[in-house]
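Each chain is listed here by its residues.
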Amino acid sequence: MNENKPEKTRLADYRPYPFEITETRLTISINDDHAVVTGRFLFTAKTGKSGSPVLLDGKNMELLTLKIDGRKIPPSGFLVSRDHLVILDIPKKKTFVLETEVRIDPFANESCEGLYKSGNILCTQCESDCFRRITYFPDRPDVLSVYTVRLEADREKYPVLLSNGNEIETGQLPAGRHYAIWSDPFPKPCYLFAAVAGNLGVIKGKYAAKNGRLIELRIYVDSGSENRTKYALECLKDSLSWFENKYGLPYLLDLYMIVAADSFNAGAMENTGLNIFSSRYILADPATATDSDYQNIAAIINHESDHYWFGNLVTVRDWFQLTLKEGLAVFTDQTYMAETASAPIKRIDDVNRLRNYQFTEDAGPGAAPIKPSEAISFDNLYTATTYRKGAEVVRMIHTLVGEEDYLRGIKIYVINHRGQAATTEDFVTAMETASGRDLSRFRETWYHQAGTPVCRVRTEYDKKRKTYSLTVEQNCPPTPECSDKKPFYFPLAVGLLNSKGRDMSLRLKGETDSVPALATKVLTVYEKRQTFIFKGITEKPIPSLLRNFSAPVKLFYDYTPEELAFLMAYDSDPFNRYEAGQRFAVLDLERSIAHIQKGEEPSADPALIFAYGRLLDDRFLDKDFVALALTPPSEKELLENMEICDFNAVARARNHLIRGIARAHEKKLKTIYDSLNDGRPYAHDREAIAGRALKNKALCYLALLGKKEYIELACSQFANADNMTDRVAVLYCLTNIRCKERKTVFERFYADWRLDTLAIDDWLCAQAISELPGVLEWIKTAENDPVYDRKNPNKIHVLLFSFLGNPKYHDPAGEGYEFIAAKIASIDKFNHLIAANLAKRAFENYGRLDPVRKELMRKAIDRLLKSEPSDKLYEIISKI
Ligand SMILES: [Zn+2]
């Protein structure tokens, strides 16, 4: 790259590919230092007899042979460029067979794209546009083909040879080599192609579909790790069964395989019949995996298996439709986790992630609608916006049309588009057909406008008329694609609490008695300003607004601290009960931050501290809910609301509040800790998981007090723990505490777990987020530690991405910015995707920095711009 600006692709320029490729036969022959890929493709012109040139994508390969209908094409008949092969010499007939032979080098490929070496195996990653690194092909999702794949390799080095579909033949070859032939009967786009070769262990299971058909399940891992796959296998069975029961859509292949890879750019990939996962999301046992590792495994296995119908059998027409499959799969995995574990905890966690990652995107220079209209690199569309906001958009459709019509809509969508490449319009249309509801305003606003709508709510109680009016005003800050936005169309779920803390029965003015009075009323908001009047309201209520976070908006209402404390204690909507505590804390923290900025000491409202104490006393609340509710809003969330980020004031105010809670409720916290630290052996059930969450939250608060007895308590938990959750919790407890025990605990953990590539990740992460002095020097040392691998995306995440959340990254000396910019430049040399993602997070606050930091960050960005960045990285940093 790139003296010239890289080119943009636009949604409006979409044109169908002029050919169908009904059949694709690939042979991948793996040798010691290269691979040869032969392809045989059956082309059919969509109109007429063709004769027009064929354009194929391909990069980093050497073309060895090119034939059409068995005839070798002379050099004058084709053009090869860096990214394409154009065949000019095309017969004037409807159908012809193209044959190619190319040489690629998977062993030198460090990008984790195409066919590459991951640990000791060779594996593939083709989404979004990396099939072009394997062979010449129209690398776009709307070209669907039936694949037959033959893999050949050394028998000893690569005893396992896998591809999509069913294995139809295996056999021996001369010179110690062997082969396997795989056939996938259903047409698929090339981004779902997968192949794996290596020496892997396997664990097998069976899933009986509802019609009695048996599906074989296989999980492949490094030999020796088989006993750490039992949980993943159970999750896979459970996910297939849940999906089939809920949507009535069965898995249609005979075999479902998952391969765990050490080096993987994403969490996992849904290749049909052959998912490839980062090992982190497969391997688990109590000794090495934390409760949140277990949860991630369940959610990701479900997510990838949801894609079988939502992405694979109905795929996307082009990459601008990415949210069609990702928003839908994320909403589906969120639903699965909510139905199989605790729904409120799941919702709180999902909303926190949305606020922490997606709201920041919407407020930053790269803000884009969930369905963007242009892009330089499709890889940069894999954002929290596409995934998480996309899921919120599907969730809003679900709320608007209701569960029954939603399920009917899904049926219509898959029946109408199975085996096709669909668009977001197709999905919304199916939902309209199922529900009879006009969603055109919804579609126009949420799919095509970026930005987080800001809603201000005012209320008025009319005692005489017994009415309560609620006025909603919405606006949305300008974003790069549009400054004057149409009002968003969204569901606003509302409850009204009486003075006893109970829900009132709600009916709107004009509604007759035939409309059932509800405790939660879902209002449809679609104007800039709208008023809703509730009738029969016998006393002035306290409103519970945006229940269960019914729309991805920022909602403001002038609650008094008393009202928030009341909602914190009584709201029947668990999300809003949690939310009330967060709002109360934000109010108080913002006041405290203002004090600090005036040179005064931080402060915390005793009423807020008291309200936290009430949570600790409430025996009816779930323990994991209390643990979450005890956590004040993140620094990231607080920074989000500031015009100019004041990292120090935010960290100081938040630390002051947390210490205030710990001091005020020391006894309660100790009692809770003791009651939960009961010496019972490890169990992996809901109650035990919730207990560990609250116990470890209590321990963190106590340790913060810095008293010797609590540091000893933490050390004793560390020494006696029979599971990784309790052990790792101590790392996070001690990471910000200056004491000699901190060093001992981290050294012990290292000594015990340095050979376990997954367990050591928490050791890296816990230290990268430490706010103690010297963290940057420590990170530089850690990069040279044998437990770190500079080229492994997962390790880059736990060390460098974690550091970005550390206030020390924004140290006014600018060393953090310089260090990260240098890392981005060096990662960009071998992995453009991870470099681009790291840059996006590293510079997301640029527009809201103070002048000193802004100048330092600008220098870092400018240096990167001059360093010949890849297209992917350029697209991110050129917008800043
Ligand atoms: Zn996905």
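- An unreviewed UniProt entry lists the protein under the name Aminopeptidase N, with Candidatus Falkowbacteria bacterium RIFOXYA2_FULL_47_19 as the source organism.
- For the record of the protein, the UniProt heading Cofactor (unreviewed entry) holds the text "Zn(2+)".

**Structural notes on the pattern of salt bridges**
Close approach of charged atoms allows side chains of opposite charge to pair.
Here's step 1: Per the stated rule, a full pass over the model turns up 72 salt bridges.
Here's step 2: D142 serves as the salt-bridge partner of R140, at 2.7 Å between the closest nitrogen and oxygen.
Here's step 3: Overall, the relative accessible area of 15% leaves D142 in the buried class.
Here's step 4: For R692, the salt bridge identified is with D291, shortest N-O distance 2.8 Å. You can see R692 sitting in helix α16 (residues 686-704) and its partner D291 sitting in helix α2 (residues 291-306), a full 401 residues away along the chain.
Here's step 5: The class of R692 is buried, set by a relative accessible area of 7%.
Here's step 6: One network of salt bridges, in which partners are shared, links E113, R133, D379 and K872.

**Some details on the sheet that holds strand β28 (residues 521-525)**
Here's step 1: One open sheet accounts for 3 strands, arranged β28-β27-β30; its pairing is antiparallel. Where the open sheet ends on each side, the last strands, each with one partner, are β28 and β30 (542-545). Recorded for the sheet is a direction-independent mean angle of 35 degrees between the axes of neighbouring strands.
Here's step 2: Where strand β27 (residues 490-497) lies against β28, 5 bridges are found, and the strand directions are antiparallel. Residue L492 lies in a different strand from β28, and its bridge partner there is L523.
Here's step 3: Each of β27 and β30 is contacted by helix α9 (residues 561-570), which is oriented at about 65 degrees to β30, the strand it contacts most.

**Quick look at helix α22 (residues 793-804)**
Here's step 1: Here α22 spans 15 Å end to end across 12 residues, near enough to the 16 Å set by a 1.5 Å rise per residue.
Here's step 2: α22 sits mainly inside the fold: 11 of its 12 residues count as buried.
Here's step 3: Among the residues of α22, P793, N794, K795, I796, V798, L799, L800, F801, S802, F803 and L804 are the ones counted as buried.
Here's step 4: If you follow the buried residues of α22, they end up packed against α20 (760-768), α21 (775-782), α23 (815-828) and α24 (832-842).
Here's step 5: Where α22 starts, the residue carrying a side-chain oxygen 2.8 Å from the main-chain nitrogen of N794 turns out to be N792.

**Section: unusual backbone geometry**
Here's step 1: Between E127 and S128 the backbone carries a cis peptide bond, its omega angle lying at -5 degrees.
Here's step 2: Turning to its location among the elements, S128 is positioned in the loop between β11 (121-125) and β12 (144-154).
Here's step 3: Here the phi dihedral of D69 falls at roughly 50 degrees; this positive angle occurs in a residue that is not glycine.
Here's step 4: Here D69 lies in the loop between β5 (62-68) and β6 (71-72).
Here's step 5: Among the residues examined, D69 registers a relative accessible area of 37% and is labelled partly exposed.
Here's step 6: Even without being a glycine, E868 presents a positive backbone phi close to 55 degrees.
Here's step 7: Accessibility expressed as a relative area gives 57% for E868, which makes it exposed.

**Describing the coordination of the zinc ion**
Here's step 1: Here the zinc ion is held by H303 (NE2), H307 (NE2), E326 (OE) and E326 (OE), and the distances to it run 2.0 to 2.7 Å.
Here's step 2: Bound by 4 donor atoms, the zinc ion shows angles of 53 to 152 degrees at the metal and therefore irregular coordination geometry.
Here's step 3: Donor residues for the zinc ion, ordered by position in the chain, follow H-x3-H-x18-E. Taken individually, H303 and H307 each receive the classification buried, so the pair is uniform in this respect.

**With respect to the packing of aromatic side chains**
Here's step 1: Evaluation of the coordinates by the stated rule reveals 38 aromatic pairs.
Here's step 2: With centroids separated by 6.2 Å and ring planes inclined at 85 degrees, the aromatic side chains of Y308 and W309 adopt a geometry described as edge-to-face. Like Y308, the residue W309 is buried in the burial classification.
Here's step 3: Their ring planes at 80 degrees and their centres at 6.5 Å tell us that F803 and F819 sit as a pair that is edge-to-face. Within this pair, whereas F803 is found in helix α22, its partner F819 is found in helix α23, the two being separated by 16 residues in sequence. Of the two residues examined, F803 and F819, each falls in the buried class.
Here's step 4: Through pairs of rings, three or more aromatic residues link up here, namely F41, F131, F137, Y147 and F193.
Here's step 5: The ring centre of F556 lies 4.9 Å from the NZ or CZ of R456, which sits over that ring.

**Remarks on a negative patch on the surface**
Here's step 1: Together, E777, D811, E815 and E818 line one region of the surface with negative charge.
Here's step 2: By the secondary structure assignment, E777 is in helix α21.

**What about the environment of V787?**
Here's step 1: Relative to the elements of secondary structure, V787 occurs in the loop between α21 and α22.
Here's step 2: Classification of V787 by relative accessible area gives buried; the value is 10%.
Here's step 3: In sequence terms V787 and T757 are 30 residues apart; their C-alpha atoms lie 7.0 Å from each other.
Here's step 4: Beyond its immediate stretch of four places on either side in the chain, V787 contacts Y750, R754, I760, W763, L764 and K795.

Calculation criteria
- Residues numbered from 1 in each chain as written.
- Predicted model: local features only at pLDDT ≥ 70, side-chain atom pairs only at ≥ 80, totals over all residues.
- Heavy atoms only, no water.
- UniProt positions renumbered as here; feature names shortened; annotations may be inferred.
- Salt bridge = Lys/Arg side-chain N within 4 Å of Asp/Glu carboxyl O.
- Buried < 20%, exposed > 50% of the residue type's maximum accessible area, 1.4 Å probe, protein only.
- Helix = DSSP H or I, 4+ residues; strand = E, 2+ residues; numbered from the N terminus.
- Pairing = 2+ DSSP bridges.
- Axes fitted to C-alpha atoms, helices over the stretch in contact; angles between N-to-C directions.
- Contact = heavy atoms within 4.5 Å.
- Expected span 1.5 Å × (residues − 1).
- Polar contact = N/O pair within 3.5 Å; in protein donor to acceptor, adjacent residues only side chain to side chain.
- Donors = N, O, S within 2.8 Å, 3.2 Å for Na, K, Ca; no water.
- Tetrahedral: all angles 85-135°; square planar, octahedral: opposite > 155°, others 65-115°.
- Phe/Tyr/Trp six-rings, centres within 6.5 Å; stacked < 30°, edge-to-face > 60°.
- Lys NZ or Arg CZ within 6 Å of the ring centre and 35° of its normal.
- Patch = residues over 30% accessible without salt bridge, like charges linked within 9 Å, V, L, I, M, F, W, Y side chains within 5 Å.
- Areas by Shrake-Rupley, 256 points an atom, 1.4 Å probe, with all protein chains shown as cover.
- Lys, Arg positive; Asp, Glu negative; His and termini not counted.
- Charge placed at Lys NZ, Arg CZ, Asp CG, Glu CD.

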